[in-house]
Amino acid sequence: MRLLHTSDWHLGRAFHRVNMLGAQAEFIGHLVATVREREVDAVVVAGDVYDRAVPPLAAVELFDRALHRLAAIGVPTVMISGNHDSARRLGVGAGLIDRAGIHLRTEPSAVGTPVVLSDAHGDVAFYGLPYLEPALVKDEFAVDRAGHEAVLGAAMDRVRADLATRAPGTRSVVLAHAFVTGGQGSDSERDITVGGVAAVPAGVFDGVDYAALGHLHGCQTITERVRYSGSPLAYSFSETDHRKSMWLVDLAADGSVTAERLDCPVPRPLARIRGTLEDLLADPGLTHREDAWIEATLTDAVRPADPMARLTERFPHTLSLVFDPERAPDDPQVSYARRLAGRSDQQIAQDFVAHVRGAGPDERETAVLRDAFDTVRADHAVREVAR
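In the annotation of an unreviewed UniProt entry, the chain is listed under the name Nuclease SbcCD subunit D and assigned to Streptomyces sp. 900105245. Reading the Function (unreviewed entry) entry of the UniProt record for the chain gives the comment "SbcCD cleaves DNA hairpin structures. These structures can inhibit DNA replication and are intermediates in certain DNA recombination reactions. The complex acts as a 3'->5' double strand exonuclease that can open hairpins. It also has a 5' single-strand endonuclease activity." UniProt, in its Subunit (unreviewed entry) section for the chain, records the words "Heterodimer of SbcC and SbcD."

The following block contains the structure:
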């Protein structure tokens, strides 16, 4: 069976104020054309269909057109909700849509109930594990500790239990939206850390033939059977070096996997440039960057006059301007943002405690801070679901 694995469409998302709906529509057209040209048997979409729980109307209309086009070509599609989606909203009409061959899996309670498709070699069971927010699903999965590994492990136990009841030789595919150990993140992903831990081990997916993952925006291979497709478009300048693609996966009769990366359309290349304003404006080596979306980091000791206006004369698609004067790390004028770069909310809070008290938090206080951040994040997730 030949699968096309994609995820993280984030319909409705902008890129530094640039409307991306046109590029997203182009991607949908590319996906449909690929399904036809490469004789795909099933499409899997591993979450974050939308960029937010209540997407703009134009994004909903694009999704509706995508569903119609996928249904029209008669190739089954299995989708799950991600941490950016409202599972309840995305799942509206799932029973009716199911009849058109579009299988939406948004309910945590249904993780052990697969979509079963068949080819010449027998059945393939597709299990949809929507994003499992630990604070919201811990009771459903009867776990003592609300953590990603616990709830995902319990969900996979249900998958393996169902798979054990099926005919010998039944192959299996799991769709999941999670941060798996070994994956490389980017700036455009929403933090899902719980209890100081975001990642789960790849071994949680043992026992299935292929795990189609979503959440991380870079296409990557965790193991030969566990892969991220990544987002089809770049949504932050941290993805400048990404090659945006989908996985074309062939699942053999014995469950073995071969995979090929298929490139996605690039609406405009991304580039990060760095230097003084005068150097950037004069550097002939940057000629090939003049048509790219640009993030410019200026290293001038003193902020120059009208930097954005002057940059856009040469680089008309400059979207982001960062000031980072070349200074020693201990220089008191080093920017606050630069000092905090790469640090989590919890680390920043612990540093603040150390700054005002002269000593960092002890083990008990660290646990209190961690629980406070987890509670706020979980409360936000509850309010998103209720919207």
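Once the structure has been displayed, the description carries forward.
S.K.: Let's hear about the pairing of strand 13 (residues 220–223): which residues, and what values?
M.R.: One ladder, built from 3 bridges, connects strand 13 with strand 14 (residues 226–228); its direction is antiparallel. Looking across to strand 14, one finds that Gln220 is bridged to Tyr228. The antiparallel hairpin formed by strand 13 and strand 14 contains 2 residues in its connecting segment.

S.K.: Give me the lowdown on the pattern of salt bridges, citing residues and values where you can.
M.R.: Applying the stated criterion across every chain, the model contains 18 salt bridges. Across the pair Glu295 and Arg272 runs a salt bridge whose closest N-O atoms are separated by 2.7 Å. In this pair, Glu295 sits in strand 18 (residues 293–298) while Arg272 sits in strand 17 (residues 270–275), placing the two residues 23 residues apart along the sequence.

S.K.: Tell me what's going on with helix 8 (residues 307–314), and back it up with residues and numbers.
M.R.: Of all the positions in helix 8, only Pro307, Leu311 and Arg314 are classed as buried. Take helix 8 and look down its axis: the buried residues cluster within an arc of 55°, on one side only. Structurally, helix 8 contributes buried residues whose contacts are with helix 7 (277–282), strand 18 and strand 19 (318–323).

S.K.: Pulling in residues and values, what's your account of unusual backbone geometry?
M.R.: In this model, His16 sits at a positive phi of 50°, which is unusual for a non-glycine residue. Relative to the assigned elements, His16 resides in the loop between strand 2 (14–15) and strand 3 (18–19). Classification of His16 as partly exposed rests on a relative accessible area of 30%. In the Ramachandran plot, Glu39 falls in the positive-phi region, its phi being about 55° despite a non-glycine side chain. Tracing the backbone through its elements, the reader meets Glu39 in the loop between helix 1 (21–37) and strand 4 (42–46).

S.K.: Go over the sheet that holds strand 15 (residues 245–251) with me, naming the residues and quoting the values.
M.R.: Taken in spatial order, the 6 strands make up an open sheet running 6-5-4-1-15-16, and their pairing is mixed. The open sheet has two free edges, formed respectively by strand 6 (102–105) and strand 16 (257–263), since each of these has just one partner strand. Pairs of neighbouring strands in the sheet enclose a mean axial angle of 20°, with direction left out of account. In the sheet, strand 15 pairs with strand 16 via 7 bridges, with the strands oriented antiparallel. Its bridge partner being in strand 16, Leu248 is matched across the sheet by Glu260.

Thresholds applied
Residues numbered from 1 in each chain as written. Predicted model: local features only at pLDDT ≥ 70, side-chain atom pairs only at ≥ 80, totals over all residues. Heavy atoms only, no water. UniProt positions renumbered as here; feature names shortened; annotations may be inferred. Pairing = 2+ DSSP bridges. Helix = DSSP H or I, 4+ residues; strand = E, 2+ residues; numbered from the N terminus. Salt bridge = Lys/Arg side-chain N within 4 Å of Asp/Glu carboxyl O. Buried < 20%, exposed > 50% of the residue type's maximum accessible area, 1.4 Å probe, protein only. Arc of directions from axis to C-beta. Contact = heavy atoms within 4.5 Å. Axes fitted to C-alpha atoms, helices over the stretch in contact; angles between N-to-C directions.

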